[in-house]
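Notes for the structure review
Residue-level listing of the chains:
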Amino acid sequence: FMAFYMFPQLLPFLTGLGVALPWPTRTLLWITNHLAFLLVLLTVLAGWAGYLMASKSSPWSERVRDWLLFKSPVVGKLNRNRVYADCLADLHLLLEAQCDLLGSLSSLRPPWSEQRERILVCVNEIGRGLSFSEAVEKSAMLPRWFLSPMSSAEETGQFSNTFKYLAEQLEESVMMDVERLLQLLEPALMAGMGLVTGFVVLATFLPLYSMTSSI
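About the cut-offs
- Residues numbered from 1 in each chain as written.
- Predicted model: local features only at pLDDT ≥ 70, side-chain atom pairs only at ≥ 80, totals over all residues.
- Heavy atoms only, no water.
- Core = buried A, V, L, I, M, F, W, Y, C linked by side-chain atoms within 4.5 Å.
- Buried < 20%, exposed > 50% of the residue type's maximum accessible area, 1.4 Å probe, protein only.
- Helix = DSSP H or I, 4+ residues; strand = E, 2+ residues; numbered from the N terminus.
- Contact = heavy atoms within 4.5 Å.
- Axes fitted to C-alpha atoms, helices over the stretch in contact; angles between N-to-C directions.
- Parallel < 35°, antiparallel > 145°, perpendicular 65-115°, else oblique.
- Left-handed = near helix turned anticlockwise from the far one by under 90°.
- Nonpolar A, V, L, I, M, F, W, Y, C, P; charged D, E, K, R; others polar.
- Salt bridge = Lys/Arg side-chain N within 4 Å of Asp/Glu carboxyl O.
- Phe/Tyr/Trp six-rings, centres within 6.5 Å; stacked < 30°, edge-to-face > 60°.

**A look at the nonpolar core**
Ranked by size, the top nonpolar core spans 29 residues in total, and within it L88, L105, F132, M141, L142, M150 and F163 carry the most contacts. For this core, the secondary structure elements donating two or more residues are α5 (75-96), α6 (101-106), α7 (113-127), α8 (132-139), α9 (147-156) and α10 (159-214). Per-element tally for this core: the top contributor is α5, with seven residues. Once residues lying within four places of it in the same chain are set aside, the contact partners of F132 are L101, L105, C122, I126, M141, M150, E154, F159 and F163.

Written out as structure tokens, the structure reads:
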């Protein structure tokens, strides 16, 4: 209301008096005058981002999608842990169904292309004679803190139970991170709304203050 109705009503009066408009006011005027262009630009960018997220035909779009989902700050960590948890849970189910470890690894198809390449490297290293924990370390299929449980599982032969335990731990960690993120989201939104509202109020009343000061 202040930006799109009240201030445009005052603008002819202020310009008629020759009041110099400060930079917040000029910025607000530029935004209101180019709002349609900004909305079109945001729509085009959102559509382009949606196309990149959905497209699988271009390696470039897949790299961009992988960065957005799995390497960007905050969201990337959550999705990476989600992929690790899903892979471990799938391995547990496959081993419980009496599948062998190498075949279970080969059947994994995570949505993260880099993880698929790491799994392929791990399978190849196991085929060359390395142990599972050594292949995991060399391929970086899982984070380094997984190596100790994997070595213990290899010694005891309890791969299925270990995979299940690690998947549950990762799942719990992801849920806790999501809860913390949601707890931070509300004050962050309130702070953002406060900054926008404060900027609009400042841009609206600074010319009036300048006019009264000059008088």
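**Details of the packing of α8 against α9**
The angle between the axes and the distance between the axes are what describe a pair of packed helices. One way to put it is that α8 packs onto α9 with a least axis distance of 8 Å and a crossing angle of 160°. Accordingly, the angle class assigned to the pair α8 and α9 is roughly antiparallel. You can see that α8 and α9 cross each other, and the crossing is right-handed. Seen from α8, the contacting residues are F132, S133, V136 and E137; seen from α9, they are L147, M150, S151 and E154. Classifying every residue of the contact of α8 with α9 gives four nonpolar, two polar and two charged.

**Section: the pattern of salt bridges**
Charged atoms that come close allow side chains of opposite charge to pair. In total, this model carries eight salt bridges according to the counting rule given. Residues R82 and E171 are paired through a salt bridge, measuring 2.5 Å at the closest nitrogen-oxygen approach. Placement of R82 in helix α5 and of E171 in helix α10 is noted, with a sequence separation of 89 residues between them. What makes R82 partly exposed here is its relative accessible area of 28%. With a shortest N-O distance of 2.2 Å, D177 and R180 are connected by a salt bridge. With D177 and R180 both in helix α10 and three residues apart, the pair spans about one turn of that helix. Residue classification places D177 among the buried positions, given a relative accessible area of 14%. On the basis of relative accessibility, which here comes to 43%, the residue R180 falls in the partly exposed class. Each of K71, E114 and R118 takes part in a single network of salt bridges with overlapping partners.

**So, the packing of aromatic side chains**
Applying the stated rule across the entire model yields eight aromatic pairs. Residues Y84 and W112 carry aromatic rings whose centres are separated by 6.4 Å and whose planes lie at 55° to one another, so their mutual orientation is tilted. Here Y84, found in helix α5, pairs with W112, found in the loop between α6 and α7; they are 28 residues apart in sequence, far enough to count as distant. Exposure remark for W112: the relative accessible area of 2% places this residue in the buried category. Centroid distance F132 to F159: 5.4 Å. Interplanar angle 85°. Geometry classified as edge-to-face. Of the two residues, F132 is situated in helix α8 and F159 in helix α10; the sequence distance between them amounts to 27 residues. Since its relative accessible area comes to 3%, F132 is described here as buried. In this structure F159 comes out as buried when scored by relative accessible area, which is 16%. Through a chain of ring-to-ring contacts, the aromatic side chains of F70, Y84, W112, W145 and F146 assemble into a single cluster.

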